[in-house]
Amino acid sequence: MVIITFTANPSLDRSAPLARDLRVARLNRLGQVYRLASGKGVNVSAAVHAAGHPTLAIVPVDTSDPLAEALRRRGVPSRMVPVGHRARTNLSITHPDGSTTRFIEPGEPLTPENQTALVSTLLASLPGASWLALCGSLPPGAPVDWYVKLTEMAHSVGVRVAVDADGPALDAVISHAHATPPDLLSPNVAELQKATGRSIRKAVKAGDLQPAIDAVQELHNRGVPRVLATLGPQGALLSCEDGLWHAEPDPVQPVSVMGAGDAALAGCLLISTRTQDPALCLDRAVAYGTATVLKPGSEVPTPADADAISLTVRKLA
Ligand SMILES: O=P(O)(O)OC[C@@]1(O)O[C@H](CO)[C@@H](O)[C@@H]1O
């Protein structure tokens, strides 16, 4: 059954390595620039497609937009919805240690007509799908509770929903979780911190997972059945009806951390079409996320790349 992704604010990503440390307010020469059709949902679909599983990326993009050509080149099965403006271009600079500095455009406004066209396309695609993944930022003009409404729509035709969002879109999903919970929420550390107001980032870096654990349990208790929080090199946490789980990869030397959260979500969705076993879901999430950081830009791993990752899964509570 097809995994559908919805990327309201896609991007033609440009990513380039810096051979030396960034010099602020000075000239910095880039290495080879990669251009890739992206946006969080497109990246999820690319990883699902690379695993040989059916997927469909729903993307607002004009056929004459360079992003449309880049999408075809990337080979991601997609349904392009014309919107009458150019998609954004996000720039990401990869530092010698694999960390990234990113420059993210807001995107052009989505008009009410654009929104209607996207929703109609989504509605026509949903029947028979296993999952709908609502991914990434909302462009200007989109209603802040759009993901809540789309979750309701997917549930009404029996399709499970995963949400990977940030800021007000994530806040709206959480504040409606008692009535319209997504089946899976997959925040990263920054999103978890903002959504719960807890101080998580520094603690996780120092190896203290407790604030992150408290945060995922808080979101779970607010009504989200599965909360998958990606923690970078510290792996991921999963809070669900079967308890609290942590998976941690053996250390790797990252090339680019871009898109690791998207690949982790793809890994989790892929296995979730077959089983709800929390240990397996977390295992695939961390394997896919970690395999991604060994690749440049937001390139996605294959199942063989993910299988090559060593990691440990344990039940915490
Ligand atoms: O602005 P958003 O939608 O939150 O994030 C978009 C984005 O930064 O996320 C992906 C990596 O996860 C990139 O491919 C893309 O440019």
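Residues numbered from 1 in each chain as written. Predicted model: local features only at pLDDT ≥ 70, side-chain atom pairs only at ≥ 80, totals over all residues. Heavy atoms only, no water.

### Quick notes on the overall build of the protein chain
For the protein chain, the count of helices and strands is 11 helices and 14 strands. Scaling as 2.2 N^0.38, a compact globule of 317 residues should have a C-alpha radius of gyration of about 20 Å, and the protein chain matches this with 18 Å. Across its three principal directions, the C-alpha atoms of the protein chain cover 50 × 50 × 35 Å. Looking at the 317 residues of the protein chain, the share that counts as buried comes to 54%. A separation of at least 24 residues holds for 65% of the contacts in the protein chain among residues at least 6 apart in sequence. Carbon together with sulfur atoms contributes 53% to the accessible area of the protein chain, which is approximately 13,300 Å² in total. Averaged over its 28 positive side-chain charges, the protein chain has a centre that lies 6 Å from the centre of its 29 negative ones. (Helix = DSSP H or I, 4+ residues; strand = E, 2+ residues; numbered from the N terminus. Rg over C-alpha atoms; globule rule 2.2 N^0.38 Å. Buried < 20%, exposed > 50% of the residue type's maximum accessible area, 1.4 Å probe, protein only. Contact = heavy atoms within 4.5 Å. Areas by Shrake-Rupley, 256 points an atom, 1.4 Å probe, with all protein chains shown as cover. Lys, Arg positive; Asp, Glu negative; His and termini not counted. Charge placed at Lys NZ, Arg CZ, Asp CG, Glu CD.)

### Concerning the packing of aromatic side chains
Applying the stated criterion across every chain yields a total of 1 aromatic pair. Judged by centre distance (5.4 Å) and plane angle (75 degrees), the rings of Phe 6 and Trp 146 are edge-to-face. Residue Phe 6 is found in strand β1 (residues 3–6), and its partner Trp 146 is found in helix α4 (residues 146–156); the two are separated by 140 residues along the sequence. The two residues Phe 6 and Trp 146 agree in class, both being buried. (Phe/Tyr/Trp six-rings, centres within 6.5 Å; stacked < 30°, edge-to-face > 60°.)

### Examining helix α9 (residues 260–272)
Between its terminal C-alpha atoms α9 stretches 18 Å, which fits the 18 Å expected from 13 residues at 1.5 Å a residue. Here α9 lies mainly inside the structure; 12 of its 13 residues are buried. For α9, the full list of buried residues reads Ala 260, Asp 262, Ala 263, Ala 264, Leu 265, Ala 266, Gly 267, Cys 268, Leu 269, Leu 270, Ile 271 and Ser 272. (Expected span 1.5 Å × (residues − 1).)

### Here we look at the environment of Val 224
If you trace the backbone, Val 224 turns up in the loop between α8 (210–221) and β11 (226–230). Beyond its immediate stretch of four places on either side in the chain, Val 224 contacts Ala 177, Pro 181, Pro 182, Leu 185 and Leu 219.

### Overview of the UniProt feature "domain: Carbohydrate kinase PfkB" (unreviewed entry) in the protein chain
The positions UniProt marks with the feature "domain: Carbohydrate kinase PfkB" (unreviewed entry) are residues 27–303. Here residues 27–303 runs as 39% helix and 19% strand, with 40 Å between its end C-alpha atoms. (UniProt positions renumbered as here; feature names shortened; annotations may be inferred.)

### What to know about the pairing of strand β8 (residues 131–135)
A regular strand places its side chains so that they alternate between the two faces of the sheet. Across the 5 residues of β8, 5 count as buried, placing the element largely inside the fold. Residues Trp 131, Ala 133 and Cys 135 of β8 are buried on one face, and the alternating residues Leu 132 and Leu 134, pointing to the opposite face, are buried as well. With 4 bridges joining them, β1 and β8 adopt parallel strand pairing. Bridge pairing in β8 places Phe 6 opposite Leu 134. With 5 bridges joining them, β8 and strand β9 (residues 160–164) adopt parallel strand pairing. (Pairing = 2+ DSSP bridges.)

### A word on the sheet that holds strand β2 (residues 11–17)
Read across the sheet, 4 strands follow the order β3-β2-β6-β7 without closing on themselves; strand pairing throughout is mixed. Only two strands of the sheet have a single neighbouring strand rather than two, namely β3 (34–38) and β7 (100–103). Pairs of neighbouring strands in the sheet enclose a mean axial angle of 20 degrees, with direction left out of account. In this fold helix α2 (residues 66–74) packs onto β2 and β3, with an angle of close to 90 degrees to the strand it touches most, β3. (Axes fitted to C-alpha atoms, helices over the stretch in contact; angles between N-to-C directions.)

### Looking at the site of the ligand
Asp 13, Asn 90, Arg 102, Ser 137 and Asp 262 are the nearest of the 15 residues found near the ligand. Alone, the ligand offers 400 Å² of accessible surface; in the complex the protein occludes 91% of this. Elements represented by at least two residues in the shell around the ligand include exactly β2 and α1 (40–50). For the shell around the ligand, a count of residues per class yields 1 nonpolar, 9 polar and 5 charged. (Near = heavy atom within 4 Å. Nonpolar A, V, L, I, M, F, W, Y, C, P; charged D, E, K, R; others polar.)

### Thoughts on unusual backbone geometry
Across residues other than glycine, the phi torsion is negative in most instances, and most of the peptide bonds are trans. For Ala 25, which is not glycine, the phi dihedral falls at a positive 60 degrees. Along the polypeptide, Ala 25 turns up in the loop between β2 and β3.

### A closer look at the environment of Ala 19
Locating Ala 19 in the fold gives a position in the loop between β2 and β3. Using a relative accessible area of 76% as the deciding quantity, one classes Ala 19 as exposed. C-alpha of Ala 19 to C-alpha of Gly 31: the two residues are 12 residues apart in sequence and 7.0 Å apart in space.

### Remarks on the pattern of salt bridges
Under the criterion given, the structure shown has 8 salt bridges. For the salt bridge of Arg 72 with Glu 69, the shortest nitrogen-to-oxygen distance reads 3.5 Å. In this pair, Arg 72 and Glu 69 are both assigned in helix α2, 3 residues apart and thus about one turn of the helix distant. Between Lys 194 and Asp 166 there is a salt bridge, with the nearest N and O atoms lying 3.0 Å from each other. Residue Lys 194 is located in helix α6 (residues 189–196), and its partner Asp 166 is located in the loop between β9 and α5 (167–175); the two are separated by 28 residues in the primary sequence. Taking the relative accessible area as the measure of exposure, Lys 194 reaches 54% and is therefore exposed. Look at Asp 166 and you get partly exposed, because its relative accessible area is 33%. Via salt bridges that share partners, Asp 283, Arg 284 and Asp 307 belong to a single interconnected network. (Salt bridge = Lys/Arg side-chain N within 4 Å of Asp/Glu carboxyl O.)

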